[in-house]
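In case you want the letters, here they are:
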Number of protein chains: 2
Amino acid sequence: MRATVYVRLKKEVLDPQGDAVKRALDTLGFQGVENVRIGKLIEIELTPEAAAAPDLEARLRKMADEMLANAVIEDYEVRVER
Amino acid sequence: MRATVYVRLKKEVLDPQGDAVKRALDTLGFQGVENVRIGKLIEIELTPEAAAAPDLEARLRKMADEMLANAVIEDYEVRVER
């Protein structure tokens, strides 16, 4: 089973990588792009036992809090595919 | 309106960053993680005119092909939030 953690920069944090992509899209002739933000997509493959644990979502949030995201500048969202 | 491009390494491509995260999760005591893969989450804010264009999805795929993803090692998926 797979869980996905989506990590995004907080709205108030500047995203120079996203800005560079926006400018490059403009240069390539793609019009109508107002803003680009780049985040991370972390896909976690779990063993059947881990997937069946009743506290799975809490554990995934703990992983995100402790390691996958930097809470100072990033928000995250956890989704479990059952 | 927002479109999101999810960029993932192809299955056959090694992901050293994902492997490092997996090992770090093991070290932190998170059991039951079989594999971790790390991809990109590209959120594109579009002007209303661009969002209304009939060829929007084709244009987003063209952006991904030409710039957002490296087709040799990455796959992508485009989702439009209407």
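Because the structure is a prediction, the values reported are computed rather than measured.

Q: Can you break down the relation of the copies chain B and chain A residue by residue, with the values?
A: Note: a rotation about an axis with an accompanying shift along it relates these two copies of the chain. With an RMSD of 0.0 Å, the operation that places chain B on chain A is a rotation of 180° combined with a shift of 0.0 Å along the axis. In the structure described here, the two chain copies are related by an operation that fits a two-fold rotation axis. No C-alpha of chain B lies nearer the rotation axis than that of K40(B), which sits 2.3 Å from it. Most of the interface of chain B is mirrored in chain A, where 100% of its interface residues again form contacts.

Q: Please provide a residue-by-residue account of helix 3 (residues 56-68) of chain A, values included.
A: With 13 residues, helix 3 of chain A should reach 18 Å at 1.5 Å per residue; the first-to-last C-alpha distance of 16 Å falls well below that figure. Those residues of helix 3 of chain A that fall on the buried side of the exposure criterion are L56(A), R59(A), L60(A), M63(A), A64(A) and L68(A). Along the axis of helix 3 of chain A, the buried residues cluster in a sector spanning 145°; they form a single face. Looking at the buried positions of helix 3 of chain A, the neighbouring elements they touch are strand 1 (2-9), strand 2 (33-46), helix 2 (48-52) and strand 3 (74-81) of chain A together with helix 1 (16-27) and strand 2 (33-46) of chain B.

Q: Please set out the side chain of D15(A) residue by residue, giving values where relevant.
A: All names here are of chain A. Secondary-structure assignment places D15 in the loop between strand 1 and helix 1 (16-27). The buried charged residue D15 lacks any salt bridge, with R37 as its nearest oppositely charged partner at 4.5 Å. Not counting residues within four places of it along the chain, the set of residues in contact with D15 comprises L9, V36, R37 and I38.

Q: How would you summarise the packing of helix 3 of chain A against helix 1 of chain B if you had to cite specific residues and measurements?
A: The N-to-C vectors of helix 3 of chain A and helix 1 of chain B enclose an angle of 110°; their axes lie 11 Å apart at closest approach. Here helix 1 of chain B runs roughly perpendicular to helix 3 of chain A, going by the angle between their axes. Facing helix 3 of chain A, whose interface residues are M63(A), M67(A) and L68(A), helix 1 of chain B presents V21(B), A24(B) and L25(B).

Procedures and definitions
- Residues numbered from 1 in each chain as written.
- Chains lettered and ligands numbered in written order.
- Predicted model: local features only at pLDDT ≥ 70, side-chain atom pairs only at ≥ 80, totals over all residues.
- Heavy atoms only, no water.
- Least-squares fit on C-alpha atoms with pLDDT ≥ 70 in both.
- Contact = heavy atoms within 4.5 Å.
- Helix = DSSP H or I, 4+ residues; strand = E, 2+ residues; numbered from the N terminus.
- Expected span 1.5 Å × (residues − 1).
- Buried < 20%, exposed > 50% of the residue type's maximum accessible area, 1.4 Å probe, protein only.
- Arc of directions from axis to C-beta.
- Lys, Arg positive; Asp, Glu negative; His and termini not counted.
- Salt bridge = Lys/Arg side-chain N within 4 Å of Asp/Glu carboxyl O.
- Axes fitted to C-alpha atoms, helices over the stretch in contact; angles between N-to-C directions.
- Parallel < 35°, antiparallel > 145°, perpendicular 65-115°, else oblique.

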